[in-house]
Amino acid sequence: MRSPKDFFAPLAIGAPDPVRQIPALPSRMIHFFDPSNEKMAAKAPELAAKVDVLLGNLEDAVKADRKEAARAGLVRVARDNDFGTTQLWTRVNSLDSPWVLDDLVTLVTEIGDKLDVIMVPKVEGAHDIHYVDRLLAQLEARAGLTKPLLVHAILETASGVANVEEIAGASPRMQGISLGPADLAASRRMKTTRVGGGHPGYLVRTDPIGGELTEGRTTYQQDLWHYTVARMVDACVLHGILPYYGPFGDIRDVVACEDQFRNAFLLGCVGAWSLHPVQIDIARKVFSPAPGDVAWARKVIAAMGDGTGAVLIDGKMQDDASVKQCRVVAELADALAASDPELAEAYDAATKEALA
Ligand SMILES: CC(=O)SCCNC(=O)CCNC(=O)[C@H](O)C(C)(C)COP(=O)(O)OP(=O)(O)OC[C@H]1O[C@@H](n2cnc3c(N)ncnc32)[C@H](O)[C@@H]1OP(=O)(O)O
Ligand SMILES: O=CC(=O)O
Ligand SMILES: [Mg+2]
């Protein structure tokens, strides 16, 4: 283990200093596109205007014989465009694949100044992050980069979940973690073939009434991902990094997608992946606090003054703890409103009404 004194020292001579705080930039939707698909790549500037994060995916969903084309396509997209405040991320191939070394060498060398975050799939433990950490430092130094690249891990193996706390704290580069329910289900030998979301077979049933076993017993579908998302959120908060829900594969089922995203939002996630343009607005809606909730939070904060003591507002007790909950919502709203005038207006209008 590295000494805590050396944790923030660059891992290669000439590499930029690691960041001490992860920037809290909006990342409600991480929009995946396949840079080997010329039609999709051509839409990158148009997509960038609509999303918080645009991600050039090189891993799963890109055919093996298109891996080089995807890498080259991403280099082209990054070089030919200025995406303004929209972040550009990539998902490289897994560390055991024949492509990842060229992915990292090419991307850092050619477009390291344009990329913000490198998503690393199938991370099993801190050792995977340490490998990427040192390699990135060497490549950054050689490319003369002045800003360090950040790393995002996908939580999608059983051993990754078992080691999630050490993964979250493995490097100052760690920006966040996403749940990868598809690979994780396979790794755990779960018996769902869905990409995220619930399953009708995973349920609880009310007790029998009057000895009747088959009739009148209501069932409630349960959330397959609750434990993992909650554990991931705790690991991320422990280390000051950001948690995300990953993919929801039933593109047509926009209702269940919204439910899955909202569960993640309520549990502490800051965003989710969008795999198709229809999921962009779902993520924007869900991961931006609702105007009514922001208005309530601001009202409680205003009423609580220095934040200590207890008051009753609309019949509900508020105290030092609940004002902290309200600050979480209000601070997120302020951060998002800073770059979204429509949202700012909606929040201010709702607040005015609540305080009237
Ligand atoms: C488990 C995991 O690892 S999840 C992450 C990896 N998976 C991915 O990245 C998948 C990304 N998404 C996709 O590849 C596609 O959305 C698919 C293959 C699922 C569906 O694509 P299509 O069959 O073209 O869907 P559909 O016909 O509804 O597309 C409508 C339009 O949206 C475009 N589109 C679809 N997905 C995207 C996307 N992610 N980004 C930009 N444009 C897209 C299509 O090109 C099409 O454009 P057109 O109207 O100009 O022809
Ligand atoms: O990469 C994502 C997943 O769910 O697997
Ligand atoms: Mg995966």
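Here the residue numbers are simple positions, counted from 1 along each chain's written sequence. Whichever chain is written first is A, and whichever ligand is written first is 1; the rest continue in order. Side-chain atom pairs in this predicted model are given and counted only at pLDDT of 80 or more, local residue features only at pLDDT of at least 70, and totals for whole chains, interfaces and linings cover all residues. Excluding hydrogens and water, the side-chain figures rest on all heavy atoms present in the structure.

Q: For this particular structure, what's the right way to read the sheet that holds strand β1 (residues 29-33)?
A: Hydrogen bonds between backbone groups are what pair the strands of a sheet, and the pairing can be parallel or antiparallel. Pairing in this open sheet of eight strands is parallel, and the strands run β9-β6-β5-β4-β3-β2-β1-β10 from one edge to the other. Edge positions in the sheet fall to β9 (242-244) and β10 (272-274), since each has one partner strand and no second. When the angles between neighbouring strand axes are averaged without regard to direction, this sheet yields 25 degrees. At least two bridges found by DSSP between two strands are what make those strands a pair. Secondary structure elements follow DSSP: runs of H or I no shorter than four residues count as helices, runs of E no shorter than two count as strands, and numbering proceeds from the N terminus. Direction of pairing for strand β6 (residues 174-179) relative to β9: parallel, over a ladder of three bridges. When the bridges of β9 are listed, serine 178 appears paired with tyrosine 244. Each axis is a line fitted through C-alpha atoms, taken for helices only over the stretch in contact, and angles between the N-to-C directions span 0 to 180 degrees.

Q: In this structure, what is going on with the site of ligand 1? I would like to understand it.
A: Around ligand 1 lies a shell of 16 residues, among which Phe32, Lys39, Lys43, Leu275 and His276 are the nearest. One of the backbone nitrogen or oxygen atoms of phenylalanine 32 is found 2.8 Å away from a nitrogen atom of ligand 1. A distance of 2.8 Å is found between an oxygen atom of ligand 1 and a side-chain nitrogen or oxygen belonging to histidine 276. Exposure was quantified through the Shrake-Rupley algorithm and a 1.4 Å probe, taking into account, for residues, occlusion by the shown protein chains and nothing else. Coverage of ligand 1 by the protein chains reaches 59% of its 960 Å² of free accessible surface. Counting residues per element, the ones that place at least two in the shell around ligand 1 are β1 and α1 (38-42). Only a single heavy atom is needed: when it lies within 4 Å of a molecule or strand, its residue is near that molecule or strand. Whenever a nitrogen or oxygen atom comes within 3.5 Å of another N or O atom, the pair is scored as a polar contact, on the condition that within protein one atom can donate a hydrogen and the other can accept it, and that pairs from neighbouring residues in sequence are kept only if both atoms are in side chains.

Q: Could you clarify how one ought to interpret the site of ligand 2 in this entry?
A: All residues adjacent to ligand 2 are Arg91, Glu156, Gly180, Pro181, Ala182, Asp183, Pro247 and Trp273. Between an oxygen atom of ligand 2 and a side-chain N or O atom of arginine 91, the distance comes to 3.0 Å. Here an oxygen atom of ligand 2 and a backbone polar atom of aspartate 183 are 2.8 Å apart. For ligand 2, whose accessible area on its own is 190 Å², the fraction buried by protein is 93%. Grouping the constituent residues of the shell around ligand 2 by class yields four nonpolar, one polar and three charged. Residue polarity follows a fixed list, in which Ala, Val, Leu, Ile, Met, Phe, Trp, Tyr, Cys and Pro are nonpolar, Asp, Glu, Lys and Arg are charged, and the others, Gly among them, are polar.

Q: Explain helix α3 (residues 67-80) to me, please; I cannot follow it from the model alone.
A: In an α-helix there are 3.6 residues to a turn, and that puts residues three or four apart on one side. Given a helix with a known number of residues, its expected span is that number minus one, times 1.5 Å. Look at α3: 20 Å from first C-alpha to last across 14 residues, which is about the 20 Å you get at 1.5 Å a residue. Under the scheme applied here, a residue whose accessible area is under 20% of the maximum for its type counts as buried, over 50% as exposed, and between as partly exposed, the area being computed with a 1.4 Å probe on protein chains only. For α3, the complete set of buried residues consists of Lys67, Ala70, Arg71, Gly73, Leu74, Val75, Val77 and Ala78. The inward-facing, buried residues of α3 contact β1, α1, α2 (44-48), β2 (53-57), β3 (87-91) and α4 (100-111). Two residues qualify as a contact provided that any one of their heavy atoms is within 4.5 Å of a heavy atom in the partner residue.

Q: How should I be thinking about the coordination of the magnesium ion (ligand 3) in this particular structure?
A: Angles between donor atoms at a metal ideally measure 109.5 degrees for a four-coordinate tetrahedral arrangement and either 90 or 180 degrees for a six-coordinate octahedral one. Donor criterion used throughout: N, O or S atom within 2.8 Å of the metal, extended to 3.2 Å for Na, K and Ca. Water excluded; incomplete-looking sites may result. For the magnesium ion (ligand 3), the full set of protein donor atoms is Glu156 (OE) and Asp183 (OD), and the range of their distances to it is 2.1 Å. Placement of glutamate 156 in the loop between β5 (150-155) and α6 (158-162) and of aspartate 183 in helix α8 (residues 181-188) is noted, with a sequence separation of 27 residues between them. In this structure aspartate 183 comes out as partly exposed when scored by relative accessible area, which is 24%.

Q: Looking at this model, I keep getting lost on the domain arrangement of the chain. Mind explaining?
A: Note on interface size: it is often stated as the accessible area lost on association of the parts. The domain architecture assigned to the chain consists of domain 1 (4-286) and domain 2 (291-355). For every domain, the bounds stem from an assignment made automatically or drawn from a database. On a C-alpha basis, the centres of domain 1 and domain 2 stand 30 Å from each other.

Q: I would appreciate a short explanation of the packing of aromatic side chains in the present structure.
A: Note on aromatic pairs: each is described by the distance of the centres and the angle between the planes. Only centres within 6.5 Å qualify two rings of Phe, Tyr or Trp (six-membered ring in Trp) as a pair; their planes then separate them into stacked at under 30 degrees, edge-to-face at over 60, and tilted for everything else. Summed over the entire model, instances satisfying the criterion amount to six aromatic pairs. The interplanar angle of 85 degrees and the centroid separation of 5.2 Å between the aromatic rings of phenylalanine 7 and phenylalanine 8 together place this pair among those described as edge-to-face. For phenylalanine 8, a relative accessible area of 28% gives the class partly exposed. Consider the ring centre and the ring normal. A charge sits over the ring if Lys NZ or Arg CZ is within 6 Å of that centre and within 35 degrees of that normal. A cation sits over an aromatic face here: arginine 20 above phenylalanine 8, 4.3 Å from the ring centre.

Q: I keep staring at the pattern of salt bridges and nothing clicks. Help me out?
A: Side chains that differ in charge, positive against negative, can pair when their charged atoms come close. Salt-bridge detection follows one rule: a side-chain nitrogen of Lys or Arg within 4 Å of a carboxyl oxygen of Asp or Glu. Within this structure, the stated rule accounts for 19 salt bridges. For the salt bridge of aspartate 52 with arginine 28, the shortest nitrogen-to-oxygen distance reads 2.8 Å. Of the two residues, aspartate 52 is situated in the loop between α2 and β2 and arginine 28 in the segment before β1; the sequence distance between them amounts to 24 residues. Judged by relative accessible area, aspartate 52 falls into the buried class, the value being 10%. On the accessibility criterion, arginine 28 (4% relative accessible area) is buried. One salt bridge connects lysine 122 with glutamate 59, and the closest N-O pair in it is separated by 2.5 Å.

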